[in-house]
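Residues per chain are reported as follows:
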Amino acid sequence: MSEVQRRKYSQEEKTSIFDGEFMPHIDSMYNFAFRLTFDEDDAKDLVQDTYMKAFRFINSFEQGTNAKAWLFRILKNSFINEYRKKSKQPAKVDYQEVETFYNSDDVDYQSTTDLRAESVKDMLGDEISNALNALAVDFRTVIILADLEGFTYEEMAKILDIPIGTVRSRLHRARNLLKDKLKGYAQSMGYNTDEEEE
């Protein structure tokens, strides 16, 4: 394989590539970011950061190649870097905000729900969303990329920067974990889950 050709694009070409090849994927980028972060604001920040980096490093993008895969890789790497940075910091709570909320007359103690599950309930069933969200981030990521975003194994290997064999085995394991988590739900919906795979 040849090195990625670095080309100096003019400002007009950069804008054209950005608008024509990058912006059409913004909804997919947001969906992926939300499934990684479980938070609307964090997902928006992650997408914004991804697009800023994409524009900043647009000269390393080869026009005509898979822009979506390139953007997903930037987003995934940004998420991992931010996740590592946050995991080294102690947890922070805005006690003033919590106290104000619970001291107000409008509080309904039975209505405090998990907003992550609440926000994705229309996209997938609660049981499926909860099972997907319970997977480790590596497994959740491959399920999202393959089954929700429709990437090929080759594209996923480039996005995740892992060998294609690892993609296949991780996806197989992730699907089996998801299947195990959803077995009871499938039975309650009338599906026969007693059949063993050959």
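Predicted model, so just to flag it, every value in this text is computed and none were measured.

The rules behind these values
- Residues numbered from 1 in each chain as written.
- Predicted model: local features only at pLDDT ≥ 70, side-chain atom pairs only at ≥ 80, totals over all residues.
- Heavy atoms only, no water.
- Helix = DSSP H or I, 4+ residues; strand = E, 2+ residues; numbered from the N terminus.
- Buried < 20%, exposed > 50% of the residue type's maximum accessible area, 1.4 Å probe, protein only.
- Contact = heavy atoms within 4.5 Å.
- Areas by Shrake-Rupley, 256 points an atom, 1.4 Å probe, with all protein chains shown as cover.
- Axes fitted to C-alpha atoms, helices over the stretch in contact; angles between N-to-C directions.
- Parallel < 35°, antiparallel > 145°, perpendicular 65-115°, else oblique.
- Left-handed = near helix turned anticlockwise from the far one by under 90°.
- Nonpolar A, V, L, I, M, F, W, Y, C, P; charged D, E, K, R; others polar.
- Phe/Tyr/Trp six-rings, centres within 6.5 Å; stacked < 30°, edge-to-face > 60°.
- Lys NZ or Arg CZ within 6 Å of the ring centre and 35° of its normal.

Within the chain one finds 10 helices and zero strands. Along the chain, from the amino end to the carboxyl end, the secondary structure elements read α-α-α-α-α-α-α-α-α-α. Counting across all 198 residues of the chain, residues that qualify as buried make up 33%. The long-range share in the chain, meaning contacts at least 24 apart out of those at least 6 apart in sequence, stands at 66%. Of the accessible surface of the chain, which amounts to about 13,500 Å², a share of 49% is contributed by carbon and sulfur atoms.

It is worth spelling out the packing of helix α8 (residues 137-148) against helix α9 (residues 153-160) at this point. Look at α8 against α9: their axes get within 10 Å of each other, and the N-to-C directions meet at 140 degrees. Our classification of the angle between α8 and α9 gives oblique. In this structure, α8 meets α9 at a crossing whose hand is right-handed. Two secondary-structure elements touch here, α8 through Thr-141, Val-142, Leu-145 and Ala-146 and α9 through Met-156, Ile-159 and Leu-160. Here the residues of the contact of α8 with α9 sort into six nonpolar, one polar and no charged.

What follows is about the packing of helix α1 (residues 11-22) against helix α3 (residues 40-56). Where α1 contacts α3, the two axes come as close as 10 Å, and the packing angle between them is 140 degrees. Between α1 and α3 lies a crossing of right-handed hand. Here Gln-11, Lys-14, Thr-15, Phe-18 and Phe-22 of α1 come into contact with α3, specifically with Tyr-51, Ala-54 and Phe-55. Among the residues forming the contact of α1 with α3, the class breakdown is five nonpolar, two polar and one charged.

In this section: the environment of Lys-68. Inspection of the secondary structure assignment puts Lys-68 in helix α4 (residues 67-87). Along the backbone, Lys-68 and Met-23 are 45 residues apart, and their C-alpha atoms lie at a distance of 9.6 Å. Every residue in contact with Lys-68, bar those within four places of it in the chain, is listed here: His-25, Ser-28, Glu-149 and Phe-151.

This brings us to the packing of aromatic side chains. We describe a pair of aromatic rings using the distance from one ring centre to the other and the angle between the two ring planes. Taken as a whole and judged by the stated rule, the model has nine aromatic pairs. Plain terms: the ring middles of Phe-18 and Phe-22 are 5.9 Å apart, the flat faces sit at 75 degrees to each other, and that makes the pair edge-to-face. On the criterion of helical spacing, the pair formed by Phe-18 and Phe-22 is a turn pair, its members being four residues apart in helix α1. In this structure Phe-22 comes out as buried when scored by relative accessible area, which is 0%. Centre to centre, the rings of Phe-72 and Phe-151 are 4.7 Å apart; their planes meet at 70 degrees, and the pair counts as edge-to-face. Note that Phe-72 is positioned in helix α4 and Phe-151 in the loop between α8 and α9, a separation of 79 residues in sequence. Like Phe-151, Phe-72 is buried. Taken together, the ring pairs in this structure connect Phe-18, Phe-22, Tyr-51, Phe-55, Phe-61 and Trp-70 into an aromatic cluster. Above the ring of Phe-151, the side-chain terminus of Lys-68 is found at 5.1 Å from the ring centroid.

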